[in-house]
Amino acid sequence: MSKVEEFEELRPLLFSIAYRILGSVGEAEDAVQETWLRYDASTTRPVSAKAFLSATVTRIAIDVLRSARVRREEYVGPWLPEPLLDDPYEDPARAAELADSVSMAALLLLERLSPLERSVFVLREVFGFGFDEIAAAVGRSEAACRQLVVRARRHMNEGRPRFEADRQERQELARQFFEALAHGDVDGLRSLLSADVQLVGDGGGKAPQLARAVAGAENVARLLATVYPLMARVDITFELHEVNGQPGALFRDRNGKVLHILALDVLDGQIQTIRSVINPDKLGHLGPVADAWAVDREVKQTRKRTR
């Protein structure tokens, strides 16, 4: 194969590695593009294109993550990963690892790790790379990489949520949730939420949001049942969609532009966490983005008229 063909065949894998390290679709795409530029500029062909390109995109992602951490510390409000609707890489042999590692809950846990720990964990635990390949990618000895994996695995296991294994059950619960949401059904919503459910919103200071954080089934149910029927009155619609491998929905304004996403964490037949991403900087890869401030003003006007 030509260089271009080799690279395009491996592009889904490279993006998936970079996204899990960075938690950002845009930064992951940039890392993949930079990987291609370095590969194209190389005068020699590596023995293994997969090993070379995976190592290159990992090193680039580590450098980007180190600089991104400073920006995230200054971020306005809770930081959530950029929502990913479809993971381009598939590997039946590692389907469970891939699905679990791309969830927002898992990506937020990865944020607790150092860039090196995060990268080594992703390469080993998610994609199954050998320690010799990982060592070459991150510039550490195999022994050091083994220690990094042990440490990272311990941190991840301490906080890792265990999602429902039955995908159909998750989807049915999500269907009930969004049906209750559309009707402003407080009791219906409350029955689907865990007692200590959390609602977390990421507006980044660039868009209005439901709230930075709301806890408790009663509080969350009442907030959602108040806001979403009003949004429907100004022609906000939603479509059910997996978000980072978990049930969720994509919301659009009357012109079909992306307003925000909701992602649900489901455990033991109840919704444990609801995450809302409305920061326009994190939605552009999903299509044209709505003016959330304009929608917010219209919702508030509608609320005044209905009082």
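All figures in this text were calculated on a predicted structure; none of them were measured in a lab.

Asker: Which parts of the structure should I look at to understand the pattern of salt bridges?
Answerer: Where charged atoms from two side chains of opposite charge approach closely, those side chains can pair. Enumeration according to the criterion identifies 23 salt bridges in this entry. Across the salt bridge formed by E179 and R175, the nearest N and O atoms sit 2.8 Å from each other. Linking E179 with R175, this pair stays in helix α9 (residues 167–183), spanning four residues, or about one helical turn. We classify E179 as partly exposed; its relative accessible area is 42%. The exposure class assigned to R175 is partly exposed, which follows from its relative accessible area of 36%.

Asker: How should I be thinking about the environment of A137 in this particular structure?
Answerer: Mapped onto the elements, A137 comes out in helix α7 (residues 131–138). Each C-alpha atom of the pair A137 and S114 lies 16 Å from the other, and the pair is 23 residues apart in sequence. In this view, A137 contacts A55, R59 and L123; residues no more than four positions away in its chain are not counted.

Asker: Explanation requested: unusual backbone geometry in the structure shown.
Answerer: Among all residues except glycine, the phi angle is most often negative; among peptide bonds, the trans geometry is most common. Even without being a glycine, D235 presents a positive backbone phi close to 70°. Inspection of the secondary structure assignment puts D235 in the loop between α11 (217–233) and β3 (237–243). A residue is classified by how much of its surface remains accessible, and D235, at 39% relative accessible area, is partly exposed. Within the chain, D268 stands out as a residue other than glycine whose phi angle is a positive 55°. With respect to the helices and strands, D268 occurs in the loop between β5 (258–267) and β6 (270–277).

Asker: Would you take a moment to explain the packing of aromatic side chains for this structure?
Answerer: Describing an aromatic ring pair means giving the distance of the ring centres and the angle of the ring planes. Summed over the entire model, instances satisfying the criterion amount to ten aromatic pairs. Relative to Y39, the ring of W36 lies with its centre 6.3 Å away and its plane at 70°, an arrangement referred to as edge-to-face. Here Y39 and W36 lie together in helix α2 (residues 25–41), a separation of three residues that amounts to about one turn. Given a relative accessible area of 17%, W36 falls into the buried group. Taken together, a centroid distance of 5.2 Å and an interplanar angle of 40° make the contact between F238 and F251 tilted. Of this pair, F238 sits in strand β3 while F251 sits in strand β4 (residues 246–252), and the two are 13 residues apart along the sequence. One aromatic cluster is present, formed by F177, F178, Y228, F238 and F251 through successive ring pairs. In this structure, K3 packs its charged tip against the face of Y39, placed 5.1 Å from the ring centre. If you follow K50 out to its NZ or CZ, it ends over the ring of F129, 5.5 Å from the centre.

How each quantity is defined
Residues numbered from 1 in each chain as written. Predicted model: local features only at pLDDT ≥ 70, side-chain atom pairs only at ≥ 80, totals over all residues. Heavy atoms only, no water. Salt bridge = Lys/Arg side-chain N within 4 Å of Asp/Glu carboxyl O. Helix = DSSP H or I, 4+ residues; strand = E, 2+ residues; numbered from the N terminus. Buried < 20%, exposed > 50% of the residue type's maximum accessible area, 1.4 Å probe, protein only. Contact = heavy atoms within 4.5 Å. Phe/Tyr/Trp six-rings, centres within 6.5 Å; stacked < 30°, edge-to-face > 60°. Lys NZ or Arg CZ within 6 Å of the ring centre and 35° of its normal.

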